[in-house]
Amino acid sequence: MAVVQQGQNQGVAKLDSRPQGESLWMDAWRRLRRNRMAVLGLIIIITSVLVAAFAPQLAPKAYDKQVLADNNSAPRWVTQLFPSMRPRDEGGYVPINESYPIGADGLGRDLLSRIIFGTRVSLAVAFIGPLSAMLVGIPFGLVAGYLGGRADNFMMRIVDIMYAFPTLLLIILLMAFFRSSTAQNDPGTFAYELGRLDAAMGGMLFIAVGVGFTSWMGLARLVRGQILSVREKEYIEAARSMGVGTRGIMFRHMLPNILGPIVVAETLTIPTYISFEAFLSFIGLGVQAPTPSWGGMIAEGARNITSYPSQAIFPAVALFLIMFAFNFLGDGLRDALDPRMRGVD
Amino acid sequence: MAQFVAQRFLWLILVLFVVSAITFGLMRLVPGGPFATERGVPDTILRALEEKYNLTGTLIEQYAKWIGDIIVPRVTDDTFRPSAVNDYLINIRLDFIKADTDFRWMNFGPSLRIRSRTVNSIFEENLPISLQLGTAALMVAMAIGVPAGIIAALNRNTIYDYTGMGVAIIGVSIPVIIMGPLLQYLFGVQWHVLPVSGWGKPENVIMPAFALGFAQSALLARLTRASLLQVMNEDYIRTARAKGLSERVVVLFHALKNSLIPVVTVLGPLFAALLTGTFVTETIFGIPGMGRFFVTSVTNRDYPVIMGTILLYAGFLVLANMVVDITYAWLDPRIRY
């Protein structure tokens, strides 16, 4: 109530929500720092952002340069780590070449450089995926929750229907839709420009958008539920009584107050987005060659798993690390942003 | 209750209708078609093909024809000749009414690319494989997840709890695309205990089912733990303890049943997730299920296969949720529709 009274005194309610909001986030940050696994996750994520940004400097070789003479070669330590890969000089079949830090793939490309550049794809999906899900999910949930009644009912039925779509199948379909409908357009049209942008990003754009557009329903439900719970709060009533418009109430007063659960939910969904990308690249509908993606690398490696397991296992470890990092960070964020939830879920 | 079931059933039909319409639209708005080849097809042949495979007329006419073939049942006499465009999933002999009469339902149409095969024949041969894999994975997920969650909850804040939940978070981070190659390497290449890939023998199921089910078992473990902890704080548990019941009876007969309600509610979406997850698993382990057909049919524009598969899986999804809702009402006497 104190907030409302103060707000009325000053005549502008939104001024007061700000310092309070900051203190909530500062508080959460303090709690997050105490969670060791979440900090570890954060460190892994920051490191991979740096790796993605400085990939050209970090990668020992060009990711797309094929040296066919060196195909499937590996340094000695890799053959020792995977005992089934017997080196050629010990009567096996694996050519030893120490100039590749973790070996070369079937086309003689440096695996380490490809993993380093592959960070870019996974991170792009990790950031664009939630962004496009939020772009659809947040306004949808906001409007449904705010309007209530029949409109809310109708909008939530749409969400229910979207839920009935098998996500993975819809993404595959969307990928085919995007690719072929932008491929055959005349230069200058919007679809053509989109297609060019996607090609310039190695196919990442459509993946991230497709994944986001098929995953917004959970977010819409969450936002709607949260809106319903804050809609009748005193500070909203106060804002309305002072003549704040609908849009102002939705975006200035409601949204900041429900941001916590949104951030948590999206952080915990990022691993799903990343694994969707990995899967799309795995079946050949993902990023376009020669752009390296961990999923695509695992797919190539899995084909030769009996002969060269290292080619599948190394990118799999990289993929695991980033997913693990986002999961732990999301878990930590949930505990930090909502202390009441700790230990319950 | 009967009204509730009827309502849900009507909803199922509406959902499938919308899903099929969206899929159809998405698929057909794209330029290019299933018969577009590099060399090009002579116009007359193309027209004959389009005529045969229901690709002429407006989109709405085509959609109506396609959905009509599926939902409208037919009663046929001995003049019925099965063919690629005349193949029904459900065929029931009605000899007791009249000789050579059959009740036929659900014609999903012919495959446009795999000549001489129909969508039904693909379903009949490949869907059981995907279903077997999905069911096996669900059993793995439940067999690991639920007991692990119970143990963690009963030993709250002990080393069992922490280890179990730590493993659960790691488990969630290991999708089948990582777990698959890892298991293949360890059990197939390194220790030679299980076949690396293939299908048909019982030992072929173990690795894919585990790879697919493990991540979901981690989710189930977390959910079971959380829900059991919540129930253990309820008043009626205190009452049961106050009555002097042993801890085992309290947990097994009072707490567990109610704590499993949230677990049951996720089983529907979980099975649906596992079923779509079989697509990935099948690709990794070389299993001849529905996955391979769907992916190639999308790149080939094999419309009937794409739409049939999506419709079927959407049907599974909605049906699974419906069953869950009904089970939910049955498990929790407080819920009444």
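Residues numbered from 1 in each chain as written. Chains lettered and ligands numbered in written order. Predicted model: local features only at pLDDT ≥ 70, side-chain atom pairs only at ≥ 80, totals over all residues. Heavy atoms only, no water.

Caption draft 1: Focus on the overall build of chain B. For chain B, the count of helices and strands is 11 helices and three strands. Each helix (α) and strand (β) of chain B, taken in turn from the N terminus, gives the series α-α-α-β-β-β-α-α-α-α-α-α-α-α. Based on the C-alpha atoms only, the size of chain B along its principal axes is roughly 85 × 55 × 40 Å. Here chain B, with 337 residues, has 49% of them falling under the buried criterion. Across chain B, the fraction of contacts at a sequence separation of at least 24, relative to all contacts at a separation of at least 6, is 70%. Accessible surface, chain B: about 16500 Å² in total, of which carbon and sulfur atoms supply 64%. Positive and negative charge centroids in chain B, built from 27 and 23 side chains respectively, lie 7 Å apart. (Helix = DSSP H or I, 4+ residues; strand = E, 2+ residues; numbered from the N terminus. Buried < 20%, exposed > 50% of the residue type's maximum accessible area, 1.4 Å probe, protein only. Contact = heavy atoms within 4.5 Å. Areas by Shrake-Rupley, 256 points an atom, 1.4 Å probe, with all protein chains shown as cover. Lys, Arg positive; Asp, Glu negative; His and termini not counted. Charge placed at Lys NZ, Arg CZ, Asp CG, Glu CD.)

Caption draft 2: Structural view of the packing of helix 4 (residues 119-154) of chain B against helix 11 (residues 303-331) of chain B. Residues and elements named next belong to chain B. Between helix 4 and helix 11, the least distance of the axes is 11 Å, while the angle of their chain directions is 45°. With respect to each other, helix 4 and helix 11 are oriented oblique. In this structure, the crossing between helix 4 and helix 11 has a hand that is right-handed. Side by side, helix 4 and helix 11 meet where Val 119, Ile 122, Phe 123, Leu 127, Ser 130 and Leu 131 of the first sit next to Pro 304, Val 305, Gly 308, Thr 309, Leu 312, Tyr 313 and Phe 316 of the second. Here the contact of helix 4 with helix 11 is composed, by residue class, of 10 nonpolar, three polar and no charged. (Axes fitted to C-alpha atoms, helices over the stretch in contact; angles between N-to-C directions. Parallel < 35°, antiparallel > 145°, perpendicular 65-115°, else oblique. Left-handed = near helix turned anticlockwise from the far one by under 90°. Nonpolar A, V, L, I, M, F, W, Y, C, P; charged D, E, K, R; others polar.)

Caption draft 3: Representation of the pattern of salt bridges in the model. In the structure shown here, the tally under the stated rule is 18 salt bridges over all chains. One salt bridge connects Arg 93 of chain B with Asp 102 of chain B, and the closest N-O pair in it is separated by 3.1 Å. Among the charged side chains, a salt-bridge network with shared partners connects Asp 105, Arg 109, Arg 114 and Glu 300 of chain A. (Salt bridge = Lys/Arg side-chain N within 4 Å of Asp/Glu carboxyl O.)

Caption draft 4: Quick look at empty space enclosed by the protein. All names here are of chain A. Counted according to the given criterion, the structure contains two cavities of 30 Å³ or more. In this model, the largest cavity occupies a volume close to 40 Å³. Lining the largest cavity are Asp 105, Leu 111, Arg 114, Met 297, Glu 300, Gly 301 and Gln 311. When contributions to the lining of the largest cavity are tallied by element, the ones reaching two or more residues are helix 6 (111-147) and helix 15 (294-303). Among the elements that take part in the lining of the largest cavity, helix 15 stands out by supplying three residues, more than any other. Class assignment of the residues belonging to the lining of the largest cavity gives a composition of two nonpolar, two polar and three charged. Considering only enclosed or pocket space, the second largest cavity measures out at about 30 Å³ in volume. Contributing to the lining of the second largest cavity are Asn 72, Ser 73, Ala 74, Met 85, Ile 102, Gly 103, Ala 104, Leu 111, Tyr 308, Ser 310 and Gln 311. (1 Å grid on protein atoms, 1.4 Å probe; cavity = no way out; pocket = protein on both sides within 12 Å on 5 of 7 lines; lining within 4 Å. Points joined across faces, edges and corners; volume = space filled by probe spheres on them.)

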